[in-house]
Amino acid sequence: MPDPIPPRNIDAEQALLGSIMIAPYLFEDLVTIVKAEYFYRNSHRWIWEAMNHLLESEQQIDHVTLCNALNTSGKLKEIGGPAYITGLLNATPTSMHSESYAKIVREKAFMRKALEVATHLAQNAIQDKPLSEALQQMEEFFVSSSALSGVTERMVMTAEKLCLSEMGELTWILKDWIMAGGINLIAGMPAAGKSFLALDLAIGMASSGLAWDNRSVTQGKVLYHFLDGSYRGMRSRVLKLCHARGIQPPANLIFDFSPLNLKVTSEVLALRQRIHRLDASVVIFDVMAKFMPGADENSVAEISPMMNTLREIANQTGTTFILIHHLNKGGNPDLSYRVRGSSDILGSVDTAIVVTHENQHSAHSMRTIIPQKVRESLPPAQLQFQIESTEESIALRFSEANASELLRAPGQAELIFADVLEYLQSVPAQEFKKNELISALQISSSTRTIDRAFSKLNIDPRIRVTKRGSFNTYQWEEDTPATPFP
């Protein structure tokens, strides 16, 4: 029995190349869809590579320049000479359908790759080879298919095209708090109420278009990934929150209780496909750490790729992400210092909300919602809420925070003071001069601000200040009871 003919469409390959010969300006966009290896015929791959070389060397693509490039690489005669390049024009019905030709070429390449991987996996199974080898091949296939399906296409455009694109003005899921099409963070200590805020928002989006005490939210489907408890506990919360609203649990709120690792390419691709299939406009991860198992939260090298992946999906699909995250314990007044893990987490998001509460041991404690970061707008006023719970219902009751109860944002001198205090506590056996601390912490504020910070340090009972000639040295007082810091 002869081997099956691999999937291919030579006519589409020729029409795609001919389209560029007719309208060379198309190549700059088409090269983001098709790669040379997607062509079935080697001759077509060589032509595509020559076109790409001309583009990179800032030369025009036409019959003369293309034939010259192919002749220089020694491929022109093997292709069929200048006559074959001319023939591509005759094989092209119209350049207006170039993108359709490109998608056909890409799809056939995907099918060939799928057949190749499936055949290889079958051979491995027959030969009883280790599973790890087969899984590696499957991973490579997913990476390849992501490029083939356009998941990782680069978003490249001129400033003119960017400014003429119809992306509209900045929009919000919840005005001033949750940015549409962005990455949003809700952080807090355990039992602060961050999950209730996210769930109330999700129910409101999926039903009435109202959340957080009748504030308007954009309606749409919500995909809620939950690994911070049992599905029975979530069922109880949803039933009680919906009972308080007088509504049935909405069909547009979809829960996923399955493990998911945002560091694994194949799982990210599956997530993107699931978002598309469900037509989900908002995706919630509760809590974020559960969706990057084994990762070091404090490592930029591990956190940054994951945040970049979410940003890519958000940019390409318009999906809004909401990440539920934890704060570190401690007394640092600057809550941004207490967002757990790498600074890249806070740096990568568009908005960040910190939820605090007066008494973590009281279910009815007053909670405060603090806008810790709003990338493209002025931060809103802080809000307060209480969780009113009965056997049948749970409701969130909101109010504007009183001026006397607002958590004041610390000044730069206070931040420097807190940083130095934390640093000294981490190395209690050492003493430092002022300039050594400035260098170690890379403090770049004005001399006056730094002096104000160190004046607080001079009178702090936790610090031993010793005079050494014309300068002071600072050391953590070992007899001081330990103070928790992030």
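All values reported here derive from a predicted model rather than from experimental measurement.

Analysis parameters
Per chain, residue numbering runs from 1 following the sequence as it is written. It should be noted that, the model being predicted, local features are given only for residues of pLDDT at least 70 and side-chain atom pairs only at 80 or more, the latter also being counted only at that level, while totals for whole chains, interfaces and linings use all residues. Side-chain numbers come from the whole structure's heavy atoms, not from hydrogens or water. Strands here are runs of E lasting at least two residues and helices are runs of H or I lasting at least four, both read from the DSSP assignment and numbered beginning at the N terminus. Relative accessibility under 20% of the residue-type maximum defines a buried residue, over 50% an exposed one, and the middle range a partly exposed one, all with a 1.4 Å probe and only protein chains included. Contact between two residues is taken to exist if any of their heavy atoms lie within 4.5 Å; hydrogens are not considered. Here, Shrake-Rupley sampling with a 1.4 Å probe gives the accessible areas, and only protein chains in the shown set may cover a residue. By definition, a salt bridge exists where a carboxyl oxygen of Asp or Glu is found within 4 Å of a side-chain nitrogen of Lys or Arg. Here the rule is simple: two strands pair whenever DSSP picks up at least two bridges between them. Note on geometry: axes are C-alpha line fits, over the in-contact stretch for helices, and angles between N-to-C directions span 0 to 180 degrees.

(A) Up close: the overall build of the protein chain. Within the protein chain, the secondary structure is distributed over 17 helices and 16 strands. Considering the protein chain as a whole, with its 486 residues, one finds that 45% of them fall into the buried category. A sequence separation of at least 24 residues applies to 66% of the contacts in the protein chain between residues at least 6 apart. As presented, the protein chain carries roughly 25500 Å² of accessible surface, and 51% of it is formed by carbon and sulfur atoms.

(B) Region of interest: the pattern of salt bridges. Scanning all chains against the criterion turns up 10 salt bridges. Between Arg397 and Glu388 there is a salt bridge; the shortest N-O distance is 3.1 Å. Among the charged side chains, a salt-bridge network with shared partners connects Arg311, Asp350 and Arg375.

(C) Quick peek at the sheet that holds strand S14 (residues 432–433). Here we have 3 strands laid out as an open sheet, ordered S14-S16-S15, and antiparallel in their pairing. If you trace the sheet from one side to the other, it starts and ends with S14 and strand S15 (463–468), each paired once. The sheet contact formed by S14 and strand S16 (residues 471–476) spans 2 bridges and is antiparallel. The residue bridging Lys433 from the neighbouring strand is Thr473, located in S16. Along the sheet face, helix H17 (residues 447–458) touches S15 and S16 and points at about 60° away from the line of S16.

(D) Here's a closer look at the environment of Ser342. Along the chain, Ser342 falls in the loop between strand S9 (320–326) and helix H14 (343–348). Separated by 41 residues in the primary sequence, Ser342 and Ala301 place their C-alpha atoms 9.4 Å from one another.

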